[in-house]
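This is what each chain is made of:
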Amino acid sequence: MSYKILDVQNLTAGYGKLPIIENMHAKVDDGQIVVIVGPNGAGKSTLLKSVFGLNSRMSGDIVFESQSIFDAKTSELVPMGISAVPQSHNVFPTLTVEENLDVGTFAAPPKDKTATKAKILQLFPDLKDKLRQQAGELSGGQRQMVAVGRALMSDPRLILLDEPTAGLSPAYLEVIFDLLLQVRDSGVSILMVEQNAKQALRIADYAYVLVNGKNAYEGTGAELLENDEVRKSFLGGGAPK
Amino acid sequence: MMDFINFYLVPGITLGAIYALGAVGVSMIFGILRFAHFAHGDLMTVGAYFALSAVWLLGIPALAAIPIAVALTCLVALFADRAFYKPLRQLPTIYTVIASFGVALIFRSVVQLFWGTESQVYSVGFQKPIVLFDSLRIATRHIQIILATAGITLVLHWFLHHTQMGKTMRAVSDDPALASVAGLDPEKTIRWTWIIGAGLAAIAGVFVGLDTDVHTMMGWNLLLPMFAAALLGGIGKPLGAIAGGLIIGIAEEICTYPFFGESLISPSYKSAIAFVIMLLILIFRPRGLFKGRLL
């Protein structure tokens with residue numbers, strides 16, 4: 001039986017006193033990948049930042065596992081079971097890969113750190129022989145793996161990903177999406193903002209299209225890919241591939 | 001050759017060790033709190049005077065007074081942070097930089113008020129140097145300062161690379177925004193930065209007193225080479241600051257050695273060396289030797 005991991009209800013949030021998203025809603029169920037797509041400036045990243053306490057939430061509510069986190073600070077959310085991976089600058093460049101992973105355990109130590117690390121290295125085998133290398137020396141795709149690995153080290157139930165494929169080569173795009181499916185299958189729910197909308201919708205269990213800070217469309221990934229209006233306006237037109 | 005080692009190289013390493021210990025704090029505070037702490041030299045002075053009081057009151061040698069000086073200086077630094085810097089944390093850093101000038105004046109004035117403006121020494125009398133291989137003559141205090149700094153460097157390296165707080169400090173120095181996303185506690189990290197920075201400043205202050213004398217301007221006078229050392233090593237790189245301190249200390253001393261029958265520069269200009277090195281680093285290698293943060 002699935003239950004709601006995250007329930008964003010009528011959320012208005014933004015920067016300072018300026019609202020960017022208004023009366024937004026979004027839900028993430030257990031073991032789901034939920035994708036937020038939409039044009040630039042639609043408020044996609046603002047939604048993620050609001051959930052993670054990184055900007056000002058003005059009204060509405062954010063419920064994580066039946067508990068309101070509307071007033072919770074970022075430092076309180078990590079121990080509760082939410083991790084986040086920013087779009088850029090998402091690794092500590094002068095720390096080694098292993099140290100980056102370790103940092104993920106400091107705010108919320110997992111039950112068995114060795115087992116968690118082994119599980120993450122199984123997910124991202126590319127990192128196994130780079131543990132002692134500085135994260136800043138890695139390629140974009142490998143950095144993304146370190147960033148997601150760091151977020152997974154605290155054994156979260158939900159991770160928030162802000163454009164995990166930004167700046168990656170098309171070859172790496174598929175690799176990262178494939179890894180995200182594996183992360184989901186390992187029992188971690190994902191709320192993700194993504195510019196590569198078509199590919200993201202293919203792996204999405206559910207998705208929301210945001211326009212001008214408001215919900216415009218929603219449905220399963222497949223439904224949105226089939227929706228003519230969504231295709232024309234946000235997916236570059238053409239038939240779904 | 002022996003003259004070079006006895007009178008230039010060893011005193012240079014000693015001076016460099018003192019710069020290094022002060023520069024670690026400057027570099028860490030810049031890396032983690034993001035401001036140039038101009039009161040760091042005077043924090044050193046405060047430490048030296050705490051040790052002086054312990055020497056006077058308890059009759060212990062200056063080296064034995066170091067733990068007392070370190071503990072009291074850490075408390076002073078934590079108080080200064082709470083009272084003067086924390087309220088300014090959300091404002092542009094220039095406010096905190098200017099505040100640190102004010103804190104420097106407060107520290108110096110309080111020291112002058114309680115201990116007077118006269119120069120003091122920890123102990124009087126002549127210490128015979130240790131003679132090695134018949135011609136290598138090293139003052140005991142120089143051996144103590146160099147060995148203690150080497151030990152501190154090893155402990156600091158271990159702390160930064162093998163403890164949770166050490167890794168947290170490096171992570172915050174690398175990227176404070178990401179550290180906050182990772183749920184790291186910034187205030188706890190800041191407290192540890194002050195404890196390490198102030199502790200090492202106090203030790204450096206006692207070493208200056210051991211090497212020369214204790215006076216109220218001692219820390220302020222060392223501020224320029226300490227900043228130069230922090231820049232040379234790379235801002236936010238404590239071990240780089242130690243290397244930077246040693247290089248500047250040695251460079252200042254050996255520049256006065258008569259390599260070609262005459263000193264390269266007059267000893268009265270040797271403090272300009274730090275300034276020249278700082279300028280060259282800022283122009284040609286702004287991230288320093290250990291690739292620290294850009295200013």
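Above this text is the structure in question.
Note that the coordinates shown come from a computational prediction; the quantities given were computed from them, not determined experimentally.

Student: Tell me about the overall build of chain B, and please be specific about residues and values.
Tutor: A tally of helices and strands in chain B yields 11 helices and 2 strands. Seen in sequence order, chain B has helices and strands lined up from the N terminus as α-α-α-α-β-β-α-α-α-α-α-α-α. Relative to the globule expectation of 19 Å for 295 residues, the C-alpha radius of gyration of chain B, 19 Å, shows essentially globular dimensions. Projected onto its principal axes, the C-alpha positions of chain B cover 60 × 50 × 35 Å. Counting only residues that meet the buried cut, chain B has 54% of its 295 residues in that class. Contacts in chain B between residues far apart in sequence, at least 24 positions, make up 75% of those at least 6 positions apart. Accessible area of chain B: about 13,400 Å², with a carbon and sulfur share of 69%. Positive and negative side-chain charges in chain B, numbering 18 and 14 respectively, have mean positions lying 11 Å apart.

Student: Outline the overall build of chain A, supporting the account with residue identities and numerical values.
Tutor: When you go through chain A residue by residue, the secondary structure sums to 9 helices and 10 strands. Relative to the globule expectation of 18 Å for 241 residues, the C-alpha radius of gyration of chain A, 17 Å, shows essentially globular dimensions. Each of the three principal axes of chain A carries a C-alpha extent, and together these read 50 × 40 × 40 Å. Residue burial in chain A is summarised as follows: out of 241 residues, 54% are buried.

Student: Now, about unusual backbone geometry: what can you tell me, with residues and values included?
Tutor: Residue and element names in this part refer to chain A. Non-glycine residue Asp155 carries a positive phi angle of around 55°. Looking at the element boundaries, Asp155 is found in the loop between helix H5 (140–152) and strand E7 (158–162). The phi dihedral of Asn212 is positive, around 50°, even though this residue is not glycine. Position of Asn212 among the secondary structure elements: in the loop between strand E9 (206–211) and strand E10 (214–219). With relative accessibility at 64%, the residue Asn212 sits in the exposed group.

Student: Go over the nonpolar core with me, naming the residues and quoting the values.
Tutor: Leu6(A), Leu158(A), Leu160(A), Leu191(A) and Tyr122(B) are the most contacted members of the largest nonpolar core, which totals 129 residues. Per-element accounting of this core gives the leading share, 14 residues, to helix H1 (residues 2–33) of chain B. If near-sequence neighbours (up to four positions away) are discounted, Leu160(A) is found in contact with Leu48(A), Val51(A), Phe52(A), Ile82(A), Ser83(A), Ala84(A), Val85(A) and Leu191(A). Core analysis: the next-biggest nonpolar cluster, separate from the first, contains 45 residues, Val35(A), Ile120(A), Leu123(A) and Ile159(A) among them.

Student: How would you summarise helix H10 (residues 238–254) of chain B if you had to cite specific residues and measurements?
Tutor: All names here are of chain B. Its 17 residues give H10 an end-to-end C-alpha distance of 24 Å, which sits within 8% of 24 Å, the value for a rise of 1.5 Å per residue. Counting buried residues in H10 gives 12 out of 17 residues, a clear majority hidden from the surface. Along H10, the positions that sit buried rather than exposed are Pro238, Leu239, Gly240, Ala241, Ile242, Gly244, Gly245, Ile248, Gly249, Ala251, Glu252 and Glu253. Buried residues belonging to H10 abut H1, helix H5 (140–162), helix H9 (218–233) and helix H11 (272–284).

Student: Before we move on, could you go through the packing of helix H2 (residues 40–58) of chain B against H9(B) and cite the residues and values that matter?
Tutor: All names here are of chain B. Put simply, H2 and H9 touch, their axes get as near as 7 Å, and they point 135° apart. Overall, the two elements H2 and H9 adopt an arrangement that is oblique. Once H2 is placed against H9, the crossing between them reads as right-handed. Judged by residue contacts, His40, Gly41, Asp42, Met44, Thr45 and Ala48 of H2 engage Met218, Gly219, Trp220, Leu222, Leu223 and Met226 from H9. Tallied by class, the residues present in the contact of H2 with H9 amount to 7 nonpolar, 4 polar and 1 charged.

Student: If you had to explain the interface of chain B and chain A to someone new, which residues and values would you point to?
Tutor: Counting residues at the interface gives 16 residues for chain B and 20 residues for chain A. When chain B packs against chain A, close to 1,600 Å² is buried across both sides, 64% of that on carbon and sulfur atoms. The three residues of chain B that bury the most area against chain A are Asp174(B), Leu178(B) and Val181(B), which together make up 36% of that side's buried surface. The interface formed by chain B and chain A holds 2 salt bridges in total.

Student: Could you give me a rundown of the packing of helix H3 (residues 97–106) of chain A against helix H4 (residues 113–123) of chain A, with the residues and numbers involved?
Tutor: All names here are of chain A. Where H3 contacts H4, the axes come no closer than 11 Å and their chain directions differ by 125°. Between H3 and H4, the angle falls in the class oblique. Once H3 is placed against H4, the crossing between them reads as right-handed. On H4, the residues that touch Glu98, Leu101, Asp102 and Thr105 of H3 are Lys113, Lys117 and Leu121. Residue classes in the contact of H3 with H4 are distributed as 2 nonpolar, 1 polar and 4 charged.

Criteria and thresholds
- As a convention, each chain's residues are numbered from 1 in the sequence order in which they are written.
- The naming scheme follows written order: chains are lettered A onward, ligands numbered 1 onward.
- Confidence filtering applies because this is a predicted model: local features only for residues at pLDDT of at least 70, side-chain atom pairs given and counted only at 80 or more, and all residues used for totals across whole chains, interfaces and linings.
- The side-chain numbers reported here are obtained from all heavy atoms of the structure, hydrogens and water having been left aside.
- Each helix is a run of H or I in the DSSP string that is no shorter than four residues. Each strand is a run of E no shorter than two, and both are numbered from the N terminus.
- C-alpha atoms define the radius of gyration, and 2.2 Å times the number of residues to the power 0.38 defines the globule rule.
- Accessibility here uses a 1.4 Å probe with only protein chains present; expressed as a share of the type maximum, an area under 20% marks a residue as buried, one over 50% as exposed, and anything in between as partly exposed.
- Any two residues whose heavy atoms approach within 4.5 Å at even a single point are treated as in contact.
- Surface accessibility in these figures is a Shrake-Rupley result with a 1.4 Å probe; residues are shielded only by whichever protein chains are displayed.
- Residues scored as charged are limited to Lys and Arg (positive) and Asp and Glu (negative), so that His and the chain ends carry no count.
- For this purpose, a charge sits on NZ of Lys, CZ of Arg, CG of Asp or CD of Glu.
- Among buried residues, the Ala, Val, Leu, Ile, Met, Phe, Trp, Tyr and Cys ones that are joined through side-chain atoms within 4.5 Å form a nonpolar core.
- Helices are assigned an expected span. That span is 1.5 Å times one less than the residue count.
- Note on method: axes are straight lines fitted to C-alpha atoms, helices fitted across the in-contact stretch only, with angles between N-to-C directions ranging 0 to 180 degrees.
- By definition in this entry, angles of less than 35 degrees are roughly parallel, angles greater than 145 are roughly antiparallel, angles of 65 to 115 are roughly perpendicular, and the rest are oblique.
- In this scheme the crossing of two helices becomes right-handed for a clockwise turn of the near helix relative to the far one and left-handed for an anticlockwise turn of less than a right angle.
- Three classes are used: nonpolar for Ala, Val, Leu, Ile, Met, Phe, Trp, Tyr, Cys and Pro, charged for Asp, Glu, Lys and Arg, and polar for all others, with Gly counted as polar.
- For any pair of parts, buried area is found by adding up, for both, the accessible area (1.4 Å probe) each one loses once the two are put together.
- In the sections that follow, a salt bridge refers to a side-chain nitrogen of Lys or Arg positioned within 4 Å of a carboxyl oxygen of Asp or Glu.

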